[in-house]
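# Analysis of the macromolecular model
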Amino acid sequence: MTLAIRLTVNGAPRELDLDDPRVTLLDLLRKRLHLTGTKKGCDRGQCGACTVLVDGRRVNSCLTLAASHDGAAVETIEGLALDGNLHPVQQAFIEHDGFQCGFCTPGQIMSAVGLMREAQAGDDPERVRECMSGNLCRCGAYVGITEAVLDAQRRIAGSAKGEAA
């Protein structure tokens with residue numbers, strides 16, 4: 001028996017038949033949709049490498065069943081850049097050396113984008129570190145990550161003010 005689900009993935013509507021209702025959102029993204037930017041780290045929801053946005057909220061995709069998100073909008077790292085231009089968070093990670101090996105970077109970036117959209121970042125480094133605490137970096141690039149999130153937050157806030165003027 002197959003289970004049909006509908007998702008909007010990075011803005012594109014998708015209809016998928018699941019042969020196994022136990023498939024995780026992570027495995028659906030990586031194996032069926034070939035969106036391999038989302039990483040499988042611990043596969044237990046402890047490292048954050050699999051973080052994606054589901055209906056605008058940060059989710060550890062390794063812990064959630066794809067079937068439970070029927071009708072949802074899913075955004076992955078592949079969906080952030082627009083028209084060849086990096087998202088401000090992606091650009092800030094490059095400029096502030098917010099990564100070393102890069103394995104955790106997609107999850108870190110998606111978590112940062114999520115916390116900004118949730119208006120959780122502010123301009124307090126300690127608050128950013130707390131909000132990003134579900135994303136681990138084995139290389140220890142936390143200083144660059146925090147700086148990148150704060151810089152991107154300022155850029156996004158500045159763009160919003162410029163557009164309002």
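If you're wondering where the values come from, they're calculated on a predicted model, not measured in any experiment. (Residues numbered from 1 in each chain as written. Predicted model: local features only at pLDDT ≥ 70, side-chain atom pairs only at ≥ 80, totals over all residues. Heavy atoms only, no water.)

### What to know about unusual backbone geometry
If you check the backbone angles, asparagine 10 has positive phi at about 50° while not being a glycine. The class of asparagine 10 is partly exposed, set by a relative accessible area of 27%. Its identity as a non-glycine residue notwithstanding, aspartate 43 has a phi of 60°, on the positive side. Tracing the backbone through its elements, the reader meets aspartate 43 in the loop between α1 (25–32) and β3 (51–54). For aspartate 43, a relative accessible area of 39% corresponds to the partly exposed category. (Buried < 20%, exposed > 50% of the residue type's maximum accessible area, 1.4 Å probe, protein only. Helix = DSSP H or I, 4+ residues; strand = E, 2+ residues; numbered from the N terminus.)

### A closer look at the sheet that holds β3
As a general point, the strands of a sheet are linked pairwise by backbone hydrogen bonds and lie either parallel or antiparallel. The five strands lie next to each other as β2-β1-β5-β3-β4, forming an open sheet whose pairing is mixed. The sheet is open, and its two edges are formed by β2 (12–18) and β4 (57–60), each paired on a single side. Pairs of neighbouring strands in the sheet enclose a mean axial angle of 40°, with direction left out of account. Examined bridge by bridge, strand β1 (residues 3–9) and strand β5 (residues 73–75) share two bridges and lie parallel to one another. If you follow valine 9 over to β5, its bridge partner there is valine 74. With respect to the sheet, helix α3 (residues 105–117) is in contact with β3, β4 and β5, its orientation differing from that of β3 by roughly 35°. (Pairing = 2+ DSSP bridges. Axes fitted to C-alpha atoms, helices over the stretch in contact; angles between N-to-C directions. Contact = heavy atoms within 4.5 Å.)

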